[in-house]
Amino acid sequence: MKNCPFCAEPILDAAIKCKHCGEFLTPQEATSAPPHQAAQPWYVQKAVIIVCLLSIGPLALPMIWFHPTLAPRYKVLITLVTSLITWGLILATIKALSVLQEYYELINQL
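Residues numbered from 1 in each chain as written. Predicted model: local features only at pLDDT ≥ 70, side-chain atom pairs only at ≥ 80, totals over all residues. Heavy atoms only, no water.

## Topic: unusual backbone geometry
Consideration 1: Of note, Ala8 is a non-glycine position whose phi angle comes to about 65°, a positive value.
Consideration 2: Here Ala8 lies in the loop between strand 1 (2-3) and strand 2 (10-11). (Helix = DSSP H or I, 4+ residues; strand = E, 2+ residues; numbered from the N terminus.)

The structure is reproduced here in C-alpha cells:
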C-alpha cells in the first residue's frame, strides 16, 4: 500500500488511478488523456461564470474565487471591476428613482 500523492489516501501499489480523487498516478496516462471540458465541474466552466456575472453580478463572485486555475490577480481584478459596475448601477438606480419621485410630485400638484 502507498499513499496517493494528490489526496494522501491509501491505494494499492499497482494502482494507475486513485480511487478516491480520480487522479492518474503515472505521467504517461495523464499526458495521453485528452482534456475534456465536461471533466470540470459546471461552476468552473468559463461560459457559466460569464453568464452568471452578466446576470447576477456580484453574487457570482464566489464562483470566481473558488476557481482552481484562475490567478489571484485576475480574481482581484474581476472583483474590483464587478464592484465598480455594481456601485455605478446602484447610483444610477437611486438617481432614476429620485427623478421618478419628482415627476410623481409634479403630477400630484396638477
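## Concerning the nonpolar core
Consideration 1: Ranked by size, the top nonpolar core spans six residues in total: Ile49, Cys52, Ala60, Leu61, Met63 and Ile64.
Consideration 2: Elements with a contribution of two residues or more to this core: helix 2 (46-56) and helix 3 (61-65).
Consideration 3: For this core, the element with the most residues is helix 3, which contributes three residues. (Core = buried A, V, L, I, M, F, W, Y, C linked by side-chain atoms within 4.5 Å. Buried < 20%, exposed > 50% of the residue type's maximum accessible area, 1.4 Å probe, protein only.)

## A closer look at the layout of surface pockets
Consideration 1: In this structure, the largest pocket encloses a volume near 340 Å³.
Consideration 2: For the largest pocket, the lining is made up of 15 residues, of which Ile49, Ile50, Leu53, Ile78 and Thr82 are closest to its centre.
Consideration 3: For the lining of the largest pocket, the elements supplying multiple residues, two or more each, are helix 2 and helix 4 (72-109). (1 Å grid on protein atoms, 1.4 Å probe; cavity = no way out; pocket = protein on both sides within 12 Å on 5 of 7 lines; lining within 4 Å. Points joined across faces, edges and corners; volume = space filled by probe spheres on them.)

## Details of the state of the cysteines
Consideration 1: One pass over the full model with this rule turns up zero disulfides.
Consideration 2: Unpaired in this structure, Cys18 has its nearest cysteine sulfur neighbour in Cys7, at a distance of 3.6 Å.
Consideration 3: By relative accessible area, Cys18 is classed as buried at 3%. (Disulfide = S-S within 2.5 Å.)

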